Amino acid sequence: ETPRKPRPRVRILIGAATALGPGKVDLFEAIAETGSISAAARAMGMSYRRAWLLVYTMNRCFHGNLVTTVTGRRRGAEVTDLGLEVIERYRKMETKAARIVDRDMASFAKLLTEHARKN
């Protein structure tokens, strides 16, 4: 197995309550893929309650919902246009951050033990 290239993990903190990071964005992407909060939670190895609370909290932190539930013949959830924009902007920031600190991350990784680099 090829070791993963070191990369920064971007967390966006604005105010006391609003935080967006890789886990929440991964969850939103999984919801977009599966069309379901419960299926996304299962795919990520988290409880439905935890996933639902993250969605609820993030919906309250933005000017509109990032995820909405679908009722009627087809039940499930979908990521809104705002949610897709948040995902896209976050991934762009993540890419920019990785590009900027690429050499520093490689140098930093050399300081770690072989054991730490494999985990």
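All of these numbers come straight from a predicted model, not from anything done at the bench.

Asks: Break down the nonpolar core for me, citing the residues and quoting the values.
Replies: Residues Leu 20, Leu 27, Phe 28, Ile 31, Ile 37, Val 55 and Val 67 are the most contacted members of the largest nonpolar core, which totals 22 residues. For this core, the secondary-structure elements that each account for two or more residues are α1 (22–34), α2 (37–44), α3 (48–61), β4 (76–79) and α4 (81–110). It is α1 that contributes the most residues to this core, five residues altogether. Ignoring any residue separated from it by four or fewer positions in sequence, one finds Phe 28 in contact with Leu 20, Val 55, Met 58, Leu 66, Val 67, Val 79 and Ile 87.

Asks: Quick one: what's the story with a nonpolar patch on the surface, residue by residue and with numbers?
Replies: On the surface, Tyr 48, Trp 52, Leu 53 and Tyr 56 cluster together into a nonpolar patch covering about 380 Å² of accessible area. Following the sequence through the fold, Tyr 48 ends up in helix α3. Since its relative accessible area comes to 45%, Tyr 48 is described here as partly exposed.

Asks: So what about the packing of aromatic side chains? Which residues, and what values?
Replies: Under the defined criterion, the tally for this structure stands at one aromatic pair. With 5.2 Å between their ring centres and 10 degrees between their planes, Trp 52 and Tyr 56 make a pair best called stacked. Of this pair, Trp 52 and Tyr 56 are both found in helix α3, four residues apart, which corresponds to roughly one turn of the helix. Overall, the relative accessible area of 36% leaves Trp 52 in the partly exposed class. Taking relative accessible area as the criterion, Tyr 56 reaches 38% and is therefore assigned partly exposed.

Criteria and cut-off values
Residues numbered from 1 in each chain as written. Predicted model: local features only at pLDDT ≥ 70, side-chain atom pairs only at ≥ 80, totals over all residues. Heavy atoms only, no water. Core = buried A, V, L, I, M, F, W, Y, C linked by side-chain atoms within 4.5 Å. Buried < 20%, exposed > 50% of the residue type's maximum accessible area, 1.4 Å probe, protein only. Helix = DSSP H or I, 4+ residues; strand = E, 2+ residues; numbered from the N terminus. Contact = heavy atoms within 4.5 Å. Patch = residues over 30% accessible without salt bridge, like charges linked within 9 Å, V, L, I, M, F, W, Y side chains within 5 Å. Areas by Shrake-Rupley, 256 points an atom, 1.4 Å probe, with all protein chains shown as cover. Salt bridge = Lys/Arg side-chain N within 4 Å of Asp/Glu carboxyl O. Phe/Tyr/Trp six-rings, centres within 6.5 Å; stacked < 30°, edge-to-face > 60°.

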